[in-house]
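Now for the letters of each chain:
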Amino acid sequence: MSLSFRNEKSSGLLTVARARFAAAMALLLGAGPASAGIRWNFQTPVTPIARQIYHLQDLMFGVCVVIFVIVFGVMFYSIFAHRKSKGHKPATFHQSTTIEVIWTVIPFLILVAVAVPATATLLKMENTSDSALTVRVTGYQWKWHYDYPAQGIGFFSDLSTPVAQIENQEPKNRHYLLQVDHPLVLPVGEKIRFQITAKDVIHSWWVPSFGVKTDAIPGFVNQSWAEIDVPGTYRGQCTELCGMGHAFMPVVVKAVSQADFKKWVAAQKALMVASAAGDNTTWTEADLLSHGKAVFAANCSACHQINGQGIAGTFPPLSAGKPFSAAPAMLQKLRHRGFLTAGGHVVMGPVKNHLRIVLHGIAGTPMPSFSGQLSNADIAAVVTYERNAFGNHTGDVIQPAQVAVLR
Amino acid sequence: MASAAANHEAHPAGLKRWLFTTNHKDIGTMYLLFSLLMFFVAGSFAMVIRAELFSPGMQIVQPYFFNELTTMHGLVMIFGAIMPGFVGFANWLIPMMIGAPDMALPRLNNWSFWILPFAFTLMLSSFFMPGGAPGTGWTMYAPLSIQAGIGMDFVIFSIHLLGISSVLGAINIIVTILNMRAPGMTLMKMPMFVWTWLITAFLLVAVMPVLAGTVTMVLMDRHFGTHFFDAAGGGDPVLYQHLFWFFGHPEVYIMILPAFGIISQIIPTFSRKPLFGYESMVYATASIAFLSFIVWGHHMFTVGMPAPAEMFFMYSTMLIAVPTGVKIFNWVATMWRGSLSFETPMLFAIGFLVMFTIGGLSGLMLAIVPADFQYHNTYFVVAHFHYVLFSGAAMAMMGGCYYWLPKWTGHMYNETLGKWHFWLTTIFFNVTFFPMHFLGLAGMPRRIPDYALQFTDLNRVASIGAFGLGLTQLLWVYVVYQTVKGGKKAASKVWDGAEGLEWTLTSPPPYHSFATAPVIE
């Protein structure tokens, strides 16, 4: 009780502090109009757990402010009253067992008092049983994959902010860096369990409004859960440094009513049937090139760059005649697959090996396997595109059936 | 007798003096200057980071290079600026404070220092390797560090060298303190600075080998076919984090305990009153050191630990607040009813007290596991550890520098410029790092080169503060340079309230001090 009293009292202080800080900030920024948009606390919680965390944070902040004010109130009084310039003569005391016991015991009791609600919330967070829906979340460099095992749906979720906005060639839109091509869609009002893992390095899946942040670790499946109260779109980000594209793999969740969720599931299933049909047809060269360009931009351009030039020393260029330097192990692996001439220039190697690299990756290098992420049609399209773009004019046209035999 | 004394003073001049010296004062000076140089190197990385973050969108560097900068900023600040800085203070002061003629192992002392320039040449050269410096953050988490280019191997070897340097330096300090105290200087009469360093040295000996082993496992995974951290080969990526933070948390106290020591020297001097609760200060320092070994899990609450483990690490972490609180209360009680004056060292000590406490309190907030799930890996954490490492460790060193500079050089520094340095540092520091608390709460992850639009305003404020903070440190260099070159002669007892053996020596002290041990009654 005493703690909640302190909390209310301090939230007044907090408001004053925030107002002052905001005023100081406005001065600094030349009273910028944007300062109205600054958030001073967590994003609005929309799950019971996130709400409890929000209160815990306010409680802790309150406790800290009170302690701070008392301790430094004493110190600043001393600075004001006990100064040499005022002729204050120093006392000689340097010990007091009583007071030392008091200021050891009181902080301990405060800690016990805040540990109680913290432990209660923690135990609730860790209880992932009795969920109505399970979603598997898999982190990749640098995108998320979502799976609904019971519904048989799965898809990748990629940043949809155009590169031109990142490179400052276009004005940035409202949800700059926090928008994706396929958001995770979830129903409100039921307990959803997340099973979180990763394919390459460690990522962390964070939706601030849900109070869910869980590391996605290769070889581990971590669990957490959320029960969303309010329909809406919620945005978060990867929060574990995962390499070059760490800032560019947002999490976007669309929470919809349970009826809308059922409709969405049905629509997704229809889409998947259509996509599977693509693997069984023969594509025209123009279709392969245009689809391949899109697949390349979404999956390959982060490393090999949108112009296929790669990054010297790290990611190989895909265009013929561009010199490439890397660790001997990497060069050896590429040469072994017929992709490097003696001079260190990347040229187009055999089609089969090209497809195998995209399908299975190159073990021991950053090149990942795309067999789980891309359909046969996607791979056929992207390899066709790579072999005919960036100044490569091989004229090769690859069909999904050629990919299927190498799987 | 006179000629014997003169021979004691003789030493080679020029470059040879510094290469071959076994004198604790020369070696201390080299450590301090090296640390200052690294402070500027790592600081310049921070300036580029803040320039990139001035606006959303990629501005001046590429995302991967940004990661290289955050990694190197952390590694060089921690291993290059803060740790050698404190070793510099230890070298200069411990023999003078305990009445010893020099460190116990002078040749080892020389070697401990001279490893550093080679180690940092290796580390910084990784920028020029194919693939660049590691972009893994200073924590070098596997499997990301397994993926990195050859620069990672250079960093691993430089960490081995730094570990050797630190462990040798720590052994030297332990041996010196335990064996070379002047007659009558019992352990419980030692100045607090000596106590905090004794405890720090034990921490160093205990955990630097753990880090060396951990990065060696990364090296093995990278090149020799092991799978310690590779799940596909039966390894465990989380094991890396357990090992790293078993080193990493005591490392935090390695960087702050000597700062506690410096502050415990400065506050009584300018309060003209003995340190309050000396004994409880010693016990508090020892308990913090002990607790530092059982709290490492709080750096990794989101890895999916079972609830009982999370509860253990939460409670043990919260417990650290008790001895840390005792220290803060003791410092305030030392000032209480003293006769306070506010020369530059005291200003830095008071700044330390206030701002370190902000960092300590945000640390307490971070200990609360459910809330930590929201704070973890956001700018809230960045704000927290800069409050303990910059306004804690670095500002304690600045205070210590002004406090002992007259003793070391024999000249008084320029008090006006010193005060300017303090106020500008404090103001710009808070302009830089206070807004980061709010950025973190609002959801900005750390270690990102580009951010969503709602974070723009506060990032801009932080960047402006950072440029000011960086520039202000040039003023510090100027004040130190001016003081070394000349100025008002300093008395033996520079500060009227100062206590301790170092103030019985002339300013500057003779090249070899306490050749005859003083007697402490």
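Rules behind the numbers
- Residues numbered from 1 in each chain as written.
- Chains lettered and ligands numbered in written order.
- Predicted model: local features only at pLDDT ≥ 70, side-chain atom pairs only at ≥ 80, totals over all residues.
- Heavy atoms only, no water.
- Helix = DSSP H or I, 4+ residues; strand = E, 2+ residues; numbered from the N terminus.
- Buried < 20%, exposed > 50% of the residue type's maximum accessible area, 1.4 Å probe, protein only.
- Contact = heavy atoms within 4.5 Å.
- Pairing = 2+ DSSP bridges.
- Axes fitted to C-alpha atoms, helices over the stretch in contact; angles between N-to-C directions.
- Core = buried A, V, L, I, M, F, W, Y, C linked by side-chain atoms within 4.5 Å.
- Domains from an automatic or database assignment.
- Phe/Tyr/Trp six-rings, centres within 6.5 Å; stacked < 30°, edge-to-face > 60°.
- Salt bridge = Lys/Arg side-chain N within 4 Å of Asp/Glu carboxyl O.
- Polar contact = N/O pair within 3.5 Å; in protein donor to acceptor, adjacent residues only side chain to side chain.
- Nonpolar A, V, L, I, M, F, W, Y, C, P; charged D, E, K, R; others polar.
- 1 Å grid on protein atoms, 1.4 Å probe; cavity = no way out; pocket = protein on both sides within 12 Å on 5 of 7 lines; lining within 4 Å.
- Points joined across faces, edges and corners; volume = space filled by probe spheres on them.
- Bend = angle between axes of the 7 residues up to and from the residue.
- Patch = residues over 30% accessible without salt bridge, like charges linked within 9 Å, V, L, I, M, F, W, Y side chains within 5 Å.
- Areas by Shrake-Rupley, 256 points an atom, 1.4 Å probe, with all protein chains shown as cover.
- Parallel < 35°, antiparallel > 145°, perpendicular 65-115°, else oblique.
- Left-handed = near helix turned anticlockwise from the far one by under 90°.
- pLDDT = per-residue confidence, 0-100.
- Buried area = accessible area lost by both parts, 1.4 Å probe.

Asker: Break down the overall build of chain A for me, with residues and values.
Answerer: Assigned secondary structure in chain A consists of 11 helices and 12 strands. Taken across its 407 residues, chain A has 50% of its residues classed as buried. Sequence separation of 24 or more characterises 61% of the internal contacts of chain A that already satisfy a separation of 6 or more.

Asker: Provide a residue-level description of the sheet that holds strand E1 (residues 133-140) of chain A, including the pertinent values.
Answerer: Residue and element names in this part refer to chain A. An order of E3-E2-E1-E5-E8 is seen for the five strands of this open sheet, with the pairing classed as mixed. Both edges of this open sheet fall to strand E3 (153-157) and strand E8 (222-226), since each of them pairs with a single strand only. Neighbouring strand axes in the sheet, compared pairwise and without regard to direction, differ in orientation by 25 degrees on average. Note: strand E5 (residues 192-198) against E8, five bridges, orientation antiparallel. Paired with Ile196 across the two strands is Asn222, which belongs to E8.

Asker: Describe in detail the environment of Ala498 of chain B, supporting the description with residues and values.
Answerer: All names here are of chain B. Along the chain, Ala498 falls in the segment after helix H16 (456-485). Once the C-alpha coordinates of Ala498 and Thr516 are considered, the two residues, 18 residues apart in sequence, prove to be 22 Å apart. Other than its neighbours up to four places away in sequence, Ala498 contacts Thr269, Tyr403, Lys493 and Trp503.

Asker: Account for the nonpolar core, with residues named and values stated.
Answerer: Ranked by internal contacts, the top residues of the largest apolar core, which has 231 residues, are Phe79, Trp197, Trp331 and Phe352 of chain B. In terms of domain composition, this core takes at least three residues from each of domain 1 (2-125) and domain 2 (133-275) of chain A.

Asker: Describe the packing of aromatic side chains, with residues and values.
Answerer: On inspection of all chains with the given rule, the structure shows 68 aromatic pairs over all chains. A ring pair is formed by Phe93 of chain A and Phe276 of chain B, whose centres lie 6.0 Å apart and whose planes are at 75 degrees; its orientation type is edge-to-face. In this pair, Phe93 of chain A sits in the loop between helix H2 (48-81) and helix H3 (97-125) while Phe276 of chain B sits in the loop between helix H9 (237-271) and helix H10 (278-291), so the two residues belong to two different chains. Looking at Phe93 of chain A, the relative accessible area reads 25%, which means it is partly exposed. With a centroid separation of 5.9 Å and an interplanar angle of 65 degrees, the aromatic rings of Phe270 of chain B and Tyr403 of chain B are classed as edge-to-face. With a gap of 133 residues between them, Phe270 of chain B in helix H9 and Tyr403 of chain B in helix H14 (residues 379-409) connect regions that are remote in the sequence.

Asker: Give a detailed account of the domain arrangement of chain A, specifying residues and quantitative values.
Answerer: Residues and elements named next belong to chain A. Partitioning chain A into structural domains gives domain 1 (2-125), domain 2 (133-275) and domain 3 (279-406). One C-alpha centre belongs to domain 2, the other to domain 3; they are set 27 Å apart. Contact residues are listed per partner, giving seven residues for domain 2 and 10 residues for domain 3. Where domain 2 touches domain 3, the interface holds zero salt bridges. Linking domain 2 to domain 3 there are one residue pair in polar contact (both at pLDDT 80 or more). Grouping the amino acids of the side of domain 2 that touches domain 3 by side-chain chemistry returns four nonpolar, one polar and two charged.

Asker: I'd like a rundown of empty space enclosed by the protein, residues and numbers included.
Answerer: Residues and elements named next belong to chain B. Taken as a whole, this structure holds one cavity of 30 Å³ or more when the rule is applied. Estimates place the volume of the largest cavity at around 150 Å³. In this structure, the largest cavity is lined by 15 residues; those nearest its centre are Met83, Pro84, Val87, Ser165 and Ser166. Put simply, the parts of the chain that give the lining of the largest cavity at least two residues each are helix H4 (63-98), helix H7 (151-179) and helix H8 (192-223). Its residues placed into classes, the lining of the largest cavity shows 12 nonpolar, three polar and no charged.

Asker: I'd love a proper account of H14 of chain B, names of residues and values included.
Answerer: Residue and element names in this part refer to chain B. At Tyr403, H14 shows its maximal kink, close to 40 degrees; a proline, Pro406, follows between one and four residues later. Among the 31 residues in H14, 30 count as buried, and that is most of the element. Count one or two residues on from H14 and you reach Gly410, which has phi positive near 85 degrees.

Asker: Lay out the environment of Tyr375 of chain B in plain terms, naming residues and giving numbers.
Answerer: Mapped onto the fold, Tyr375 of chain B is located in helix H13 (residues 369-375). Assessed through its relative accessible area of 1%, Tyr375 of chain B is described here as buried. When the C-alpha atoms of Tyr375 of chain B and Val477 of chain B are compared, they prove to be 36 Å apart, with 102 residues separating the residues in sequence. What Tyr375 of chain B contacts, discounting residues up to four positions off in sequence, is Phe42, Gln57 and Lys213 of chain A together with Met365, Leu366, Phe380, Val381 and Leu441 of chain B.

Asker: Describe in detail a nonpolar patch on the surface, supporting the description with residues and values.
Answerer: A cluster of nonpolar side chains, contributed by Val101, Val105, Phe108, Leu109, Val112 and Val116 of chain A together with Leu319 of chain B, occupies part of the molecular surface with about 580 Å² of accessible area. If you tally residues by element for the nonpolar patch, the top one is H3 of chain A, at six residues. Following the sequence through the fold, Val101 of chain A ends up in helix H3.

Asker: So what's going on with the side chain of Lys327 of chain B? Which residues, and what values?
Answerer: You can see Lys327 of chain B is positioned in helix H11 (residues 307-335). With residues near it in sequence (within four places) discarded, Lys327 of chain B still touches Met192, Phe260, Met281, Ala284, Thr285 and Ile288 of chain B.

Asker: Hey, could you go over the packing of helix H15 (residues 415-442) of chain B against H16 of chain B for me, with residue numbers and the actual values?
Answerer: All names here are of chain B. Packing of H15 against H16 leaves a shortest axis separation of 8 Å and a crossing angle of 155 degrees. With respect to each other, H15 and H16 are oriented roughly antiparallel. Note that H15 runs across H16; the crossing there is left-handed.

Asker: Which residues make up the confidence of the model for chain A, and what values go with them?
Answerer: Mean pLDDT for chain A: 85, with 89% of residues reaching 70 or above. Within the model, the stretch residues 25-36 of chain A combines pLDDT values under 50 with 12 contacts to residues more than four positions away or in other chains.

Asker: Give a description of the sheet that holds strand E9 (residues 232-237) of chain A that names residues and reports values.
Answerer: Residues and elements named next belong to chain A. Strand order in the open sheet formed by three strands is E4-E10-E9, and the pairing between neighbours is mixed. The open sheet is flanked by strand E4 (184-187) and E9, the only strands paired with a single partner. Between one strand axis and the next, the sheet turns through 25 degrees on average, direction left out of account. Across the sheet, helix H5 (residues 258-278) touches E4 and strand E10 (250-256), and the angle it forms with E4 is around 135 degrees.

Asker: Outline the confidence of the model for chain B, listing residues and values.
Answerer: On average, residues of chain B carry a pLDDT of 95, and 98% of them reach 70 or more. Confidence drops under a pLDDT of 50 for residues 1-6 of chain B, and excluding neighbours within four residues, the segment shows zero contacts in the predicted structure.

Asker: Help me get a handle on the pattern of salt bridges, residues and values and all.
Answerer: A complete count under the given rule lists six salt bridges over all chains for this structure. The partner of Arg387 of chain A in a salt bridge is Asp396 of chain A, and the shortest N-O contact between them spans 2.7 Å. Put simply, Arg17 of chain B and Asp26 of chain B hold a salt bridge, and the shortest N to O gap is 2.7 Å. Overall, Arg17 of chain B belongs to the partly exposed group, its relative accessible area being 22%.

Asker: Which residues make up the pairing of strand E2 (residues 143-148) of chain A, and what values do they have?
Answerer: Residues and elements named next belong to chain A. Burial analysis of E2 places five of its six residues in the buried class, which makes it a mostly covered element. Sheet topology note: the E1/E2 ladder contains five bridges and is antiparallel. When the bridges of E2 are listed, Tyr140 appears paired with Lys143. Taking the residues between adjacent antiparallel strands as the criterion, E1 and E2 are bridged by two residues. Bridge count for E2 against E3 is five bridges, and the pairing is antiparallel. Counterpart to Trp144 in the pairing with E3 is Ser157. Between E2 and E3, which follow one another and run antiparallel, lie four residues, and Gly152 among them has a positive phi close to 70 degrees.

Asker: Requested: an account of the interface of chain A and chain B, with residues and values cited.
Answerer: With 93 residues of chain A at the interface, the matching set in chain B holds 99 residues. Of the roughly 8400 Å² buried at the junction of chain A and chain B (both faces included), carbon and sulfur atoms supply 71%. Counting across the chain A and chain B interface gives zero salt bridges. Elements supplying a minimum of two residues to the side of chain A that touches chain B: helix H1 (2-28), H2, H3 and strand E7 (212-216) of chain A.

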